[in-house]
Amino acid sequence: MSDAPTVIGINFGTYYSCISILNKEGRAEVIANEDGDRMIPSIVAFSGDEEFCGTPAKHQELRNAQNTVSEFRNALGQDLAEVQKIYAQTASKITEKDGVAAFEVNYKDAEAKFTAKEITSKFFVTLKQTAENYLGKTVDGVVMAVPSYFTEKQNEELKQAVEAAGLHILQLIHEPTAAALAYNLGQNASRKDADDKTVLVADLGGHNLDLTLLAARGGVYTVLGSGQDHELGGKNFDEALVNHFAAEFKRKNNIDISSNKRALNKLRAACEITKRTLSSAASAPCSVESLAEGLDFHSNINRMRFEMLCNKLFSQFLNAVEKVLEDNKLQASQIDEVLLVGGSTRIPKLQLKLRDVFPESTVVRTDVEADEAIAIGCALQALLISSLGDDESHYKSYLAPEVTNALHTTKAIGLVHEKEFYPIVSAATPLPLHRNVELPTSVDDQTEVYVALYEKESSQEAEPVLLAELVLSELPAAKAGETKVELLIQVDEAGKVQATLREKKSGKIAQAEIAAN
């Protein structure tokens, strides 16, 4: 038997990315780049004849803003108008290249245009080199996490960018799924096992807040509901400090920097460090050399003052949590665990207020590093996928896109009625696949549809095993058969199953996603 393939997990974030590898003991751990940063800035910069990615690119952000590109994950799969809107308040120059939105920079003494996909590919070349330099060998495959709101077009552009960087994608998984894997949820498949849990994944990233309700059982994660607040992210906590210190600088020096982009960017970078320090210390400094008009700025803030500045943000966070519970008709007491993801969830006051929402029986988990949870989950999923084969040839056939027609389902997927199994997808069906089944309401004024999806081995004696449960509520009251509900089952090349219930008229949906295991 040949050596096991070398696989990694990557969390590609809007502001920061991180790489998780599997150590000799088989545990996932996040590694640092050559600059010692475990959280690698998602930035690419150009200066003269040189390209910079990650930490070196962040150093270019202040002195070379027009030729520095950040937040490019958000531009993947977007049209020109949307990209221009995203970057309206930045120094980035947005133009067009072959009908696609592009960033215009000065590179090698000439104007150059790079699409978001090309910028992303450059960034992933650096991530690949970082992993291979640390491991001392070539990376064979990667599992990556994507936001649950990413469209098919965005996922496809990301895949193309990563493949162009020389990395083979084993699987794209949703960020809440990666977090659940990192927190080791639902590892016992028994329906009655104590590990069966209903959890809330609270992902407060740099750009926005994602809340996902999951039912976890035996490695199967069913999405019960989700909610987003695109107006709340780690950047808002940074801005609270920026506004505070900008006002202090004005008060001390009679200099208003509110319209000075360079000064604000310098102060913002310092405030980010201050915010992180306040998560573990009672007070923290904020220092910027030559902030404006040659004047340095030095100040200090204690945690209590920071918490007062962020009171509205805490309330906004809690309102979003309460709304996602209300929208999905769940009580706080029904949540077994809350999984914290994203650096800003380390803020002590936010954790304290979150615990006030839930009873003592609900565990707010902080045992996994919030910044690193998604990357760790990706690495664990990569380990699972790479272990499917006993030899390298099996691994490569599973991985290579050119042989996907040879992949097929190993079990049937279907419904059970009166103890009889009715297949929707037969075993040995080629992948990828799509199946649609119409499920009209069966009684008058039916406002809810429940579907239990099962998988079954090909043998007649095999018993169906529960795969996922979906509930679509608040349907319009109507006569039996008038409300049309569609069940869509999709299985990709990697074996990931996505089941969707959709009410045709309103478009209301419920979804479940089952990883490749």
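Quick notes on the rules
- Residues numbered from 1 in each chain as written.
- Predicted model: local features only at pLDDT ≥ 70, side-chain atom pairs only at ≥ 80, totals over all residues.
- Heavy atoms only, no water.
- Helix = DSSP H or I, 4+ residues; strand = E, 2+ residues; numbered from the N terminus.
- Buried < 20%, exposed > 50% of the residue type's maximum accessible area, 1.4 Å probe, protein only.
- Contact = heavy atoms within 4.5 Å.
- Areas by Shrake-Rupley, 256 points an atom, 1.4 Å probe, with all protein chains shown as cover.
- Pairing = 2+ DSSP bridges.
- Axes fitted to C-alpha atoms, helices over the stretch in contact; angles between N-to-C directions.
- Lys, Arg positive; Asp, Glu negative; His and termini not counted.
- Salt bridge = Lys/Arg side-chain N within 4 Å of Asp/Glu carboxyl O.
- Arc of directions from axis to C-beta.
- pLDDT = per-residue confidence, 0-100.
- Parallel < 35°, antiparallel > 145°, perpendicular 65-115°, else oblique.
- Nonpolar A, V, L, I, M, F, W, Y, C, P; charged D, E, K, R; others polar.

Engineer: In this structure, what is going on with the overall build of the protein chain? I would like to understand it.
Structural biologist: The helix and strand inventory of the protein chain stands at 12 helices and 27 strands. Burial status across the protein chain gives 52% buried among its 517 residues. In the protein chain, once contacts between residues fewer than 6 apart in sequence are set aside, the share between residues at least 24 apart is 62%. Total accessible area computed for the protein chain in this model is approximately 24600 Å², and 46% of it derives from carbon and sulfur atoms.

Engineer: I'm lost on the sheet that holds strand β20 (residues 412–417) in this one. Help?
Structural biologist: In any sheet, the strands associate via hydrogen bonds between backbone groups, in a parallel or an antiparallel arrangement. If you trace the 4 strands from one edge of the open sheet to the other, you get β21-β20-β23-β24, paired in antiparallel fashion. Edge positions in the sheet fall to β21 (420–425) and β24 (465–472), since each has one partner strand and no second. Each strand axis lies, on average, 35° off the axis of its neighbour in the sheet, ignoring direction. Summarising the sheet, strand β23 (residues 449–456) and β24 pair through 7 bridges and their orientation is antiparallel. Bridged to Tyr454 within β24 is Leu466.

Engineer: I tried to follow the side chain of Glu71 on my own but got confused; where do I start?
Structural biologist: On the secondary structure map, Glu71 appears in the loop between β7 (68–70) and α2 (80–86). With no salt bridge to any partner, buried Glu71 finds its closest opposite charge in Lys235, at an N-O distance of 6.0 Å. Look past the residues within four positions of Glu71 in its chain and what remains in contact with it is Thr14, Tyr15, Ser42, Tyr87 and His207.

Engineer: Quick question: what am I supposed to make of helix α10 (residues 348–357) here?
Structural biologist: Each α-helix turn comprises 3.6 residues. Residues three or four places apart therefore point the same way. Burial in α10 covers these residues: Leu350, Gln351, Leu354 and Val357. What you see down the axis of α10 is that its buried residues fit within an arc of 105°, all on one side. For α10, the secondary structure elements touched by its buried residues are β13 (197–204), α6 (234–253), α9 (311–327), β18 (337–341) and β19 (363–365).

Engineer: Looking at this model, I keep getting lost on the environment of Asn253. Mind explaining?
Structural biologist: Its location among the elements puts Asn253 in helix α6. Linking Asn253 and Phe297, residues 44 residues apart in sequence, is a C-alpha distance of 9.8 Å.

Engineer: Explain the sheet that holds strand β10 (residues 110–115) here, please?
Structural biologist: Spatially, β8-β9-β10 is the arrangement adopted by the 3 strands of the open sheet, whose pairing is antiparallel. The strands lining the two open edges of the sheet, one partner per strand, are β8 (93–97) and β10. Neighbour-to-neighbour, the strand axes of this sheet turn through a mean angle of 50°, independent of strand direction. Sheet analysis places strand β9 (residues 100–107) next to β10, joined by 6 bridges and oriented antiparallel. In the sheet register, Ala102 faces β10, and the bridge partner there is Thr115. The sheet strands contacting helix α3 (residues 116–135) are β8, β9 and β10, and the helix crosses β10 at an angle near 90°.

Engineer: Quick question: what am I supposed to make of the confidence of the model for the protein chain here?
Structural biologist: Any residue range with low pLDDT should be treated as having predicted coordinates unsuitable for detailed reading. Predicted confidence across the protein chain gives a mean pLDDT of 86, with 90% of residues reaching 70 or more. Every residue in residues 188–194 is under pLDDT 50, and counting partners more than four places away or in other chains gives 13 contacts. Low pLDDT, under 50, characterises residues 389–407; the stretch is placed with 29 contacts to residues that sit more than four places away or in other chains.

Engineer: Even after reading the chapter, I still don't get the packing of helix α5 (residues 175–182) against helix α11 (residues 373–386), so can you show me in this structure?
Structural biologist: Closest axis-to-axis distance for the α5/α11 pair is 7 Å, and the angle between their directions is 80°. Comparing the axis directions of α5 and α11 gives the class roughly perpendicular. For the pair α5 and α11, contact is made by Glu175, Ala178, Leu181 and Ala182 and by Ala373, Ile374, Ile376, Gly377, Cys378, Leu380 and Gln381, respectively. The residue makeup of the contact of α5 with α11, split by class, is 8 nonpolar, 2 polar and 1 charged.

Engineer: Would you explain the pattern of salt bridges in this entry?
Structural biologist: Opposite charge on two side chains allows them to pair when their charged atoms are near. Inspection of the entire model under this criterion finds 21 salt bridges. Here Glu51 ties to Lys122 by a salt bridge, and the two come within 2.9 Å at their closest N and O atoms. With Glu51 in strand β6 (residues 50–53) and Lys122 in helix α3, the pair connects residues that are 71 residues apart, well separated along the chain. Its relative accessible area of 34% is what places Glu51 among the partly exposed residues. Between Arg73 and Glu175 there is a salt bridge, with the nearest N and O atoms lying 3.2 Å from each other. One end of the pair, Arg73, is in the loop between β7 and α2; the other, Glu175, is in helix α5, and 102 residues separate them in sequence. For the residue pair Arg73 and Glu175, the accessibility class agrees, reading buried in each case.

Engineer: Please clarify how the pairing of strand β2 (residues 16–22) should be interpreted in this entry.
Structural biologist: Across a regular strand the side chains alternate sides, sitting on one face of the sheet and then on the other. Counting buried residues in β2 gives 6 out of 7 residues, a clear majority hidden from the surface. Pairing of strand β1 (residues 7–12) with β2 involves 4 bridges; the strand directions are antiparallel. What sits directly across from Gly9, in β2, is Ser20. Linkage of β1 to β2, two consecutive antiparallel strands, is achieved through a turn of 3 residues. Here β2 runs beside strand β3 (residues 28–31); their pairing, made up of 4 bridges, is antiparallel. Across the sheet, residue Leu22 finds its bridge partner in β3, namely Ala28. Count of turn residues in the β2/β3 antiparallel hairpin: 5 residues, of which Gly26 carries a positive phi of about 85°.

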